[in-house]
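Summary of the model geometry
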Amino acid sequence: TGSHNGIVFNGNVEYGVTLGFNGKVVAYRYDGNTGGYTESEIGSQSDMHSTCDIQADSSGYLHFVYGGSTYYQQTTKYRKSNSPWSITDLATETDLGEKIRGSLLIDASDNLFLVGSRSNARSYDQMVSKKRTAAGSWQSTVVIANANTASGWQIYPCDAALGRDSKLHGMWMAWSAG
């Protein structure tokens, strides 16, 4: 979590997203039966500290998030495939308007949750969750925890999961250079 890449499976076919060279965000498909490999550039990122993650909903539509870096003040972006299990037929990029670096989770109702650290300035000072409903609307960001930025603390996401109770469970670490 705090992903720099993500993977989902459909049978023996692996779908993933990773931060590539020269500012590229690359989605890929690897068929474990045939060894076939394809990739597609789906966006751009400002540095290798950006986030990128992938989830597949119950109909096989792929959901991607990437960006969210304090370097060059890049906001987090979202894309969804227009057809099931496609890394090339994608909807137009949506800018979430915030710098959130974290992981993408999906629940049994196909609601997405972007969980991670948010930067309001030059550091990651909040642990947050942002929900996208199955109907496609992004809801307001919910703050889970605040760092004491006056003392130089920053928050980094470590892990997040949806429990059997359908509640979001998050874990993070706080870090300070001081």
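Residues numbered from 1 in each chain as written. Predicted model: local features only at pLDDT ≥ 70, side-chain atom pairs only at ≥ 80, totals over all residues. Heavy atoms only, no water.

A few points about the sheet that holds strand S12 (residues 142-146)
Spatial strand order, S9-S10-S11-S12: 4 strands in an open sheet with antiparallel pairing. Two strands lie at the open edges of the sheet, namely strand S9 (99-106) and S12, each paired on one side alone. With direction set aside, neighbouring strand axes in the sheet form an average angle of 20°. Pairing between strand S11 (residues 124-132) and S12: 4 bridges, direction antiparallel. Its bridge partner being in S12, Met-127 is matched across the sheet by Ala-145. (Pairing = 2+ DSSP bridges. Helix = DSSP H or I, 4+ residues; strand = E, 2+ residues; numbered from the N terminus. Axes fitted to C-alpha atoms, helices over the stretch in contact; angles between N-to-C directions.)

Here's the deal with the confidence of the model for the protein chain
Averaged over all residues, the pLDDT of the protein chain is 85; the fraction at 70 or higher stands at 87%. Mean pLDDT across the elements of the protein chain bottoms out in strand S13 (residues 153-162) (74) and peaks in strand S7 (residues 77-80) (95). (pLDDT = per-residue confidence, 0-100.)

Quick word on the packing of aromatic side chains
Taken as a whole and judged by the stated rule, the model has 3 aromatic pairs. Residues Tyr-15 and Trp-85 carry aromatic rings whose centres are separated by 5.1 Å and whose planes lie at 35° to one another, so their mutual orientation is tilted. Within this pair, whereas Tyr-15 is found in strand S2 (residues 13-19), its partner Trp-85 is found in the loop between S7 and strand S8 (94-95), the two being separated by 70 residues in sequence. Judged by its relative accessible area of 3%, Tyr-15 is buried. Taking relative accessible area as the criterion, Trp-85 reaches 23% and is therefore assigned partly exposed. Here the aromatic rings of Tyr-78 and Trp-138 are separated by 5.3 Å at their centres, their planes lie at 80°, and the arrangement is edge-to-face. (Phe/Tyr/Trp six-rings, centres within 6.5 Å; stacked < 30°, edge-to-face > 60°. Buried < 20%, exposed > 50% of the residue type's maximum accessible area, 1.4 Å probe, protein only.)

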